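The residues making up each chain are set out below.
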Amino acid sequence: MQPLKVAILGSGKGSNCQSIIDAIKAGTLNARIVCVISDVENALILDRAKKNNIPAEYLSAAPFKTKLDGEAERNYLAVLRKYGAEIIVLAGFMRIIKKNLLQAFAGRILNIHPALLPAFPGVESWKQAMDYGAKVAGCTVHIVDEGTDTGPILVQKAVPILENDTAEILHARIQAEEHKAYPEALRFFSENRISMEGRRVKIKMD
Ligand code: GRF
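Note that the coordinates shown come from a computational prediction; the quantities given were computed from them, not determined experimentally. Per chain, residue numbering runs from 1 following the sequence as it is written. Restriction of local features to residues with pLDDT of at least 70 applies here, the model being predicted, together with a cutoff of 80 or more for giving and counting side-chain atom pairs; totals for whole chains, interfaces and linings are based on all residues. Based on all heavy atoms of the structure, the side-chain values leave hydrogens and waters out of the count.

> Sorry if this is basic, but what is going on with the layout of surface pockets here?
Rolled over the atoms, a probe sized like a water molecule indicates the empty space that remains. There is about 890 Å³ of room inside the largest pocket. Cavities and pockets are defined on a 1 Å grid built over the protein atoms alone: a cavity is a set of grid points where a 1.4 Å probe fits but cannot escape, while a pocket is an open set with protein on both sides within 12 Å along at least five of seven lines, and lining residues are those with an atom within 4 Å of any such point. Lining the largest pocket are 36 residues, with G92, F93, M94, I112 and P114 positioned closest to its centre. Secondary structure follows DSSP: runs of H or I at least 4 residues long count as helices, runs of E at least 2 residues long count as strands, and numbering of each begins at the N terminus. Mapped onto the lining of the largest pocket, the elements with two or more residues apiece are α1 (15–26), β6 (96–97), β7 (109–113), α5 (125–132), β8 (136–143) and α6 (167–190). In terms of residue class, the lining of the largest pocket is built from 12 nonpolar, 18 polar and 6 charged. For the domains described, the bounds stem from an automatic or database domain assignment. Both domains that furnish three or more residues to the lining of the largest pocket are identified here as domain 1 (1–106) and domain 2 (111–206). Grid points are joined across faces, edges and corners, and a volume is the space filled by probe spheres set on the points. For this classification, Asp, Glu, Lys and Arg are treated as charged, while Ala, Val, Leu, Ile, Met, Phe, Trp, Tyr, Cys and Pro are nonpolar and the rest, including Gly, are polar.

Printed below as a string of structure tokens:
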């Protein structure tokens, strides 16, 4: 099978991007990262891409602050097409994806959220889980739809919330699972094992 052509969008440190790079290098994921795009000019995620000889582009999403829309959305689409992306991975991309991009990559935009959805959508969800008194937290890889953190679920990984945890310790524990969950979800796509039944994602086993 041809390697899956992945585009990664991120605004920050890019540790999830790194986990995907590492899985490809290790031979456990049959994919190629065709480009990394960031809406933040000096984001670490761009340096990680460059270090690995992956095309890295800063693309402004102004004048919007929290969404990707209008001319910026068109620019992103053009770059994604230029690199022949088949699937888009949101890895800490701090913007809401709007209609045109969703339609252009229907069912092929993924996001990772640091909570066991549908619990604790939104920001700093590990803190939300801790403050709520939950005993279990985790992460979710899901397909992106028009809502925020509402799309069909692909992979979830759980971690315990321990009594002496600080928000930082819990977040780190969740992130360690994120770094397994994203390559795993992409593997299902690269091996053509995904089908949908309503909003339930079915994964064919070997
Ligand atoms: C992750 O914690 C992810 O759950 C959230 O944004 C963070 C991105 O981290 N959506 P990184 O840039 O991949 O290190």
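Continuing now.
> I'm lost on the site of the ligand in this one. Help?
Near is defined per residue: the residue qualifies when any heavy atom it owns lies within 4 Å of the molecule or strand. Around the ligand lies a shell formed by K13, G14, S15, N16, G92, I112, H113, P114, H171, Q175 and E178. Side-chain atoms alone can form a polar contact between residues adjacent in sequence; in general such a contact is a pair of N or O atoms within 3.5 Å, and within protein one must be able to donate a hydrogen while the other accepts it. Between an oxygen atom of the ligand and a main-chain N or O atom of G14, the distance comes to 2.8 Å. One of the side-chain nitrogen or oxygen atoms of Q175 is found 3.0 Å away from an oxygen atom of the ligand. To measure how exposed things are, a 1.4 Å probe is used in the Shrake-Rupley method; for residues, cover is taken only from the protein chains shown. If the ligand stood free it would expose 370 Å²; the protein chains cover 86% of that surface. Cavity membership is defined here by more than half of the atoms lying within 2 Å of grid points; on that basis the ligand lies in the largest pocket. Those elements that provide at least two residues to the shell around the ligand are α1, β7 and α6. Take the shell around the ligand: its biggest share by element is 3 residues, from α6. Taken together, the residues of the shell around the ligand sort by class into 2 nonpolar, 7 polar and 2 charged. More than half of a molecule's atoms within 2 Å of the grid points is what it takes for that molecule to sit in a cavity or pocket.

> Help me understand the side chain of S11, please; the structure alone is not making it clear to me.
Considering the arrangement of structural elements, one finds S11 in the loop between β1 (4–10) and α1. Note on classification: 1.4 Å probe, protein chains only; a residue is buried when its accessible area is under 20% of the maximum for its type, exposed when over 50%, partly exposed between these limits. A residue is classified by how much of its surface remains accessible, and S11, at 11% relative accessible area, is buried. Here D39 takes part through its side chain, which lies 2.8 Å from a polar atom of the side chain of S11.

> What should I look at first to understand the domain arrangement of the protein chain in this one?
Note on interface size: it is often stated as the accessible area lost on association of the parts. Structurally, the protein chain comprises domain 1 (1–106) and domain 2 (111–206). Computed over C-alpha atoms only, the centres of domain 1 and domain 2 are separated by 19 Å. It only takes one pair of heavy atoms within 4.5 Å for two residues to be counted as in contact. At the junction of the two partners, domain 1 supplies 18 residues and domain 2 supplies 17 residues. Throughout, the accessible surface (probe 1.4 Å) given up by two parts as they are put together, summed over both, is called the buried area. Here domain 1 and domain 2 share an interface that buries about 1500 Å² over both sides, 66% of which is from carbon and sulfur atoms. Per-residue buried area on domain 1 facing domain 2 is highest for N16, L90 and L102; these three make up 29% of the total on that side. Any carboxyl oxygen of Asp or Glu within 4 Å of a side-chain nitrogen of Lys or Arg constitutes a salt bridge here. Linking domain 1 with domain 2 are 0 salt bridges, by the criterion used here. Run the count over domain 1 and domain 2 and you get 5 residue pairs in polar contact (both at pLDDT 80 or more). In terms of residue class, the side of domain 1 that touches domain 2 is built from 12 nonpolar, 5 polar and 1 charged.

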